[in-house]
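Survey of secondary and tertiary structure
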Amino acid sequence: MTLDDDARAELRALDAANGLRVPRIVDGRQGPRVTLDGVEVTSFASNDYLALAGDRRLADAAAAAAEEHGTGVGASRLIVGNHRRHVGLERAIADWMRCDGVRLFANGYAANVGVLSALAGPDDVVISDELDHASIIDGCRLSRATIVVAKHRDVAAVERALVEYRGRRCFVVSESLFSMDGDLADVRALAELCKRHDAAFVLDEAHALGARGPEGRGVAAAAGIVPDVLVGTCGKALGSFGAFVATTRAVADWLWNRARPFVFSTGLPPMVTAATEAAIAIVRGSEGDDRRRVLSDHARRFRMRITSAGGAPDSAIAPLVIGDDREVMHWTGRLLEQRVFVQGIRPPTVPEGTARLRVSVSAGHRTEDIEQVADLLHDAVRR
Ligand code: PMP
């Protein structure tokens, strides 16, 4: 048996279990309308919640930065890749997020892995929600800490773990807006628990940043709490790429020294950080408020039509849990015939038996788009 034979056998097994993923090809800009395998479709599948990924202002900022600074920085920021534009973006984010320390990462995956593996160690305990993202799970594993997986949004379970491990250094880690369920963590209760038990609160705001909260600062800001470590991504509502950690000065400096995905990886291209800076200026201002209002109106309208959709009432992520993997992909295909794209999500991205259609709305959709997808999905939920 060669490695290639092994891979073929694995692929056949995946296919037989309806788990094979085949790529679709996008042309042109990302947005509420996108060209997918050569066909223009209305897309309810991206995380581009504010429809900024295709925005001319971000592209212009990136092009101007590429003209001035070239494309790559050629090295890790610890070597000779620490560009003035990195420092400028970290300052802009600190001002926006009202914190003292910010560290950029190549992406959200690297940020979660870097944060957890650098801050937690074998003597520590990490308490993680069972639906936390794969990057959080991998960060927990790399930390070699004792890992406690708490039931989804179960604050009492988190407290029990904090009591059980009293005397050890504890971290509580959660998404603020869950990526596949669209529901919210009770961040106020978690922050209060962490305070009472001297634990550190790590909050991943990947899907909330830009889309929720005052100035688009996320769920924590909306709740009036400040986690010890907040992870934000720039590739979703900000329409750019990369990620950051918003924290204290000392923690940010610690990450500079110890977060391996940061230390041992090339710095972000200035053209990317320039697009992110342009996005933040939009997201913070009145245009950001307007887009967030449209987004939550769309989310509410969709749930008025599809009452079985999951998630918070105003959440841009609306899952329709179907259960069976094959049936979910059948519906994705049926909708595509009508030039509407809704991604079917199967295990291992979601737990076995909970395959779902994940509808994500965008501020760039028209009201008619929301009505259309709801009409098409009526049959799927009526099965
Ligand atoms: N955290 C969560 C909750 C996510 O959903 C994702 C991406 N799907 C990430 C982190 C990773 O972010 P990125 O795509 O920037 O790597």
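For the structure, see preceding data.
One structure accompanies this document, and this report is about it. Just so it is clear, the structure is predicted and the values come from calculations on it, not from any experiment.

1. Quick notes on the nonpolar core
In terms of nonpolar packing, the biggest core is built from 82 residues, with Phe-244, Phe-302 and Leu-377 touching the most fellow members. Per element, the largest residue contribution to this core is seven residues, and it comes from helix α11 (residues 270-284). In contact with Phe-244, not counting residues within four places along its chain, are Ile-93, Trp-96, Met-97, Val-102, Arg-103, Leu-104, Phe-105, Leu-209, Leu-230, Val-231, Gly-232 and Cys-234. One finds Leu-116, Ala-120, Phe-171 and Val-245 within the second-largest nonpolar core, a separate group that totals 23 residues.

2. Observations concerning the packing of aromatic side chains
This structure, assessed with the given rule, holds three aromatic pairs. When the ring of Trp-256 is compared with that of Phe-262, the centres are 5.3 Å apart and the planes differ by 50°; the resulting orientation is tilted. We classify Phe-262 as buried; its relative accessible area is 6%. Among the aromatic residues, those joined into a ring-pair cluster are Phe-105, Trp-256 and Phe-262.

3. Re the pairing of strand β6 (residues 146-150)
Both strand β5 (residues 125-129) and β6 contribute to a ladder of five bridges, which runs parallel. When the bridges of β6 are listed, Ile-127 appears paired with Val-148. Read from β5 through helix α5 (residues 134-143) to β6, the crossover connection turns out right-handed.

Conventions adopted
Residues numbered from 1 in each chain as written. Predicted model: local features only at pLDDT ≥ 70, side-chain atom pairs only at ≥ 80, totals over all residues. Heavy atoms only, no water. Core = buried A, V, L, I, M, F, W, Y, C linked by side-chain atoms within 4.5 Å. Buried < 20%, exposed > 50% of the residue type's maximum accessible area, 1.4 Å probe, protein only. Helix = DSSP H or I, 4+ residues; strand = E, 2+ residues; numbered from the N terminus. Contact = heavy atoms within 4.5 Å. Phe/Tyr/Trp six-rings, centres within 6.5 Å; stacked < 30°, edge-to-face > 60°. Pairing = 2+ DSSP bridges. Right-handed = clockwise from strand over helix to strand, strands pointing away.

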